[in-house]
Amino acid sequence: MRKSIIPVFIPHLGCPHDCVFCNQKRISGSLLPASPEDVVKAIDEALEKCENAELAFYGGSFTAISMDEQRALLSAAAPYLAEGRITSIRVSTRPDAISEDILSLLWDRGVRTIELGSQSMMDCVLSASWRGHTAADTENAAKMIKSRGFSLVLQMMTGLPGSDMEKDIITAEKIAALKPDGVRIYPTVIIRDTALADMWAEGKYEEHSVEAAAEVCSEILPIFEKAGIKVIRLGLNPSDELSGGDALGGAYHPALGEIVKSRVLLKKAREALKGVKAGENVVLRVNPSCLSQMIGQKRSNIIKLSEEFSLNSLSVKSADVEIGEIIVEFVAKEKSL
Ligand code: SF4
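These numbers were taken from a predicted model, which means no experiment stands behind them.

Chemist: Explain the nonpolar core here, please?
Modeler: Where a protein is soluble and globular, its nonpolar side chains tend to be buried together. I43, L55, F57, L106, I114 and F224 are the most contacted members of the largest nonpolar core, which totals 59 residues. Of the residues forming this core, the biggest block, six residues, is contributed by helix α10 (residues 210-226). Those residues in contact with F57 that sit more than four places away from it in its chain are V8, I10, V39, F62, L73, L74, I89, R90, V91 and S92. Among the nonpolar cores identified, the runner-up in size contains 21 residues, and V20, M122, A195 and L196 belong to it.

Here it is as structure tokens:
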């Protein structure tokens, strides 16, 4: 038995319109929003496999649906909360759909975490992505949510229409300044049956490649790390629908998070190796959990660093150091340890 999230999808429920990049039916694989009966069914099925679970409403704008509909969906979970069989509820919603009345309803019904799709903190990007809210809406909503004692998760995207690396980094800095309890980073994927797919086909949007996403996210990840903010997701969850052809282009890669972490370590290693003389035999010591990330896919980091610094040999070995820390050791001659 393990702690778990019970996801319930309400695709596009409450959304005033579709944002350019979004097709929740293809992302979640759910065609219709869940009813209160579906909520009960999802909880019953999940509780056969886990305990201490948290119920999560994803895929729509939960607080933009009517208060009665919110009550109905949340009430379906009430008996399980009362019995302690689920611990709490989280909802995902839009920054412009938060008010003191809504927060009171959510708190009274057991919601303890609110995820806000902030996506960008640049109004020009929000407008080009048809978000229909401003960065100020995110700031106001985040402050209200935190002041009422909820956990706050902010979602941001990279590579949106009208954005670039600088704007994405500014977005990350502004989001970090709001001190959320966690963030999710979703580099833009071009999903079938979206306005973005049309814009791309018409040459009005340049694809945010996996490489571009890795580069910008490797700058963004340290911003959140430094601020002590947990990145709870990087990249869209892989799904049969997306892998089966619904992801037409953009930054869709099942291992995107690993690729980004590997890029972050590559940049840190470059810093650590500055001043090292050509021809040296070097060992990079990292936390055991970072070994494969430091080495890189197909040894890409080893190859790049060896060439850039003209090293005689470069290997990566584990050590009792913090995650993300790199210690450079020199060896008199190459040894197979
Ligand atoms: S991104 Fe959020 S607000 Fe926009 S259409 Fe998708 S679920 Fe709705």
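From this point, the narrative continues.
Chemist: Before we go on, may I ask you to explain the site of the ligand in this structure?
Modeler: Around the ligand, the surrounding shell consists of H12, C15, H17, D18, C19, F21, C22, Q24, G59, S61, R94 and R131. At a threshold of 2 Å from the grid points, most atoms of the ligand map onto the largest pocket. Taken together, the residues of the shell around the ligand break down into four nonpolar, five polar and three charged.

Chemist: Looking at this structure, how should I read the pairing of strand β1 (residues 5-9)?
Modeler: A regular strand carries its side chains on alternate faces of the sheet. Only one face of β1 is buried, namely the one carrying I6 and V8, since none of I5, P7 and F9 on the opposite face is buried. Sheet analysis places β1 next to strand β2 (residues 53-58), joined by five bridges and oriented parallel. When the sheet's bridge partners are listed, P7 is paired in β2 with A56.

Chemist: How should I be thinking about the side chain of R90 in this particular structure?
Modeler: Position of R90 among the secondary structure elements: in strand β3 (residues 86-93). Judged by relative accessible area, R90 falls into the buried class, the value being 12%. A polar side-chain atom of R90 sits 3.0 Å from a polar atom in the side chain of E54.

Chemist: Sorry if this is basic, but what is going on with helix α7 (residues 135-147) here?
Modeler: Each full turn of the α-helix corresponds to 3.6 residues, which orients residues three or four apart in the same direction. With 13 residues, α7 should cover 18 Å at 1.5 Å per step; its first-to-last C-alpha distance of 18 Å lies within 8% of that length. Listed in full, the buried residues belonging to α7 are A135, T138, A141, A142, M144 and I145. Among the residues trailing α7, G149 stands out with phi positive, at a value near 90 degrees.

Chemist: Before we go on, may I ask you to explain unusual backbone geometry in this structure?
Modeler: Peptide bonds are mostly trans, and most non-glycine residues show a negative phi. Although it is not a glycine, N52 adopts a positive phi angle of roughly 50 degrees. When you line up the elements, N52 lands in the loop between α2 (36-47) and β2. The backbone of K298 sits at a positive phi, close to 50 degrees, despite the residue not being glycine. With respect to the element layout, K298 can be found in the loop between α13 (291-295) and α14 (300-308). With relative accessibility at 81%, the residue K298 sits in the exposed group.

Chemist: Could you clarify how one ought to interpret the sheet that holds strand β11 (residues 313-318) in this entry?
Modeler: The strands that make up a sheet pair up through hydrogen bonds in the backbone, lying either parallel or antiparallel. Pairing within the open sheet is mixed, and its three strands lie in the order β11-β10-β12. Of all the strands in the sheet, the pair left with one neighbour each is β11 and β12 (327-331). Here the strands of the sheet are splayed against their neighbours by 25 degrees on average, with no regard to which way each runs. Two elements, strand β10 (residues 281-286) and β12, share five bridges in a ladder whose sense is antiparallel. Opposite V282, over in β12, you have F330 as the bridge partner.

Parameters at a glance
- Here, residues in each chain are numbered from 1, in the same order as that chain's written sequence.
- Confidence filtering applies because this is a predicted model: local features only for residues at pLDDT of at least 70, side-chain atom pairs given and counted only at 80 or more, and all residues used for totals across whole chains, interfaces and linings.
- Hydrogens are left out, water is left out, and the side-chain values use all remaining heavy atoms of the structure.
- Grouping buried Ala, Val, Leu, Ile, Met, Phe, Trp, Tyr and Cys residues that are joined through side-chain atoms within 4.5 Å yields what is termed a nonpolar core.
- Note on exposure labels: buried denotes an accessible area under 20% of the residue type's maximum, exposed denotes more than 50%, and partly exposed covers the range between, all computed with a 1.4 Å probe on protein chains only.
- Where helices and strands are cited, they refer to DSSP runs of H or I of at least four residues and of E of at least two residues respectively, numbered from the N terminus.
- The contact rule is simple, with two residues in contact once any of their heavy atoms fall within 4.5 Å.
- What makes a residue near a molecule or strand is one non-hydrogen atom of that residue sitting within 4 Å of it.
- Only protein atoms enter the 1 Å grid used here. Points where a 1.4 Å probe fits but cannot escape make up a cavity, open sets with protein on both sides within 12 Å along at least five of seven lines make up a pocket, and a residue lines them when an atom lies within 4 Å of a point.
- Molecule-in-pocket calls rest on the fraction of atoms, with more than half required to lie within 2 Å of the cavity or pocket grid points.
- Only Asp, Glu, Lys and Arg are considered charged in this grouping, and only Ala, Val, Leu, Ile, Met, Phe, Trp, Tyr, Cys and Pro are considered nonpolar; every other residue, Gly among them, is considered polar.
- Strands pair, by our definition, only if DSSP identifies at least two bridges between them.
- Identification of polar contacts relies on pairs of N or O atoms within 3.5 Å, with a donor-acceptor requirement for protein atoms, meaning one able to donate a hydrogen and the other able to accept it, and with residues adjacent in sequence counted only if both atoms are side-chain atoms.
- A helix is expected to span 1.5 Å for every residue after the first.
- Interaxial angles span 0 to 180 degrees and are taken between N-to-C directions of axes, which are lines fitted to C-alpha atoms, for helices over the stretch in contact.

Keep in mind these numbers describe shape, not what the thing actually does.
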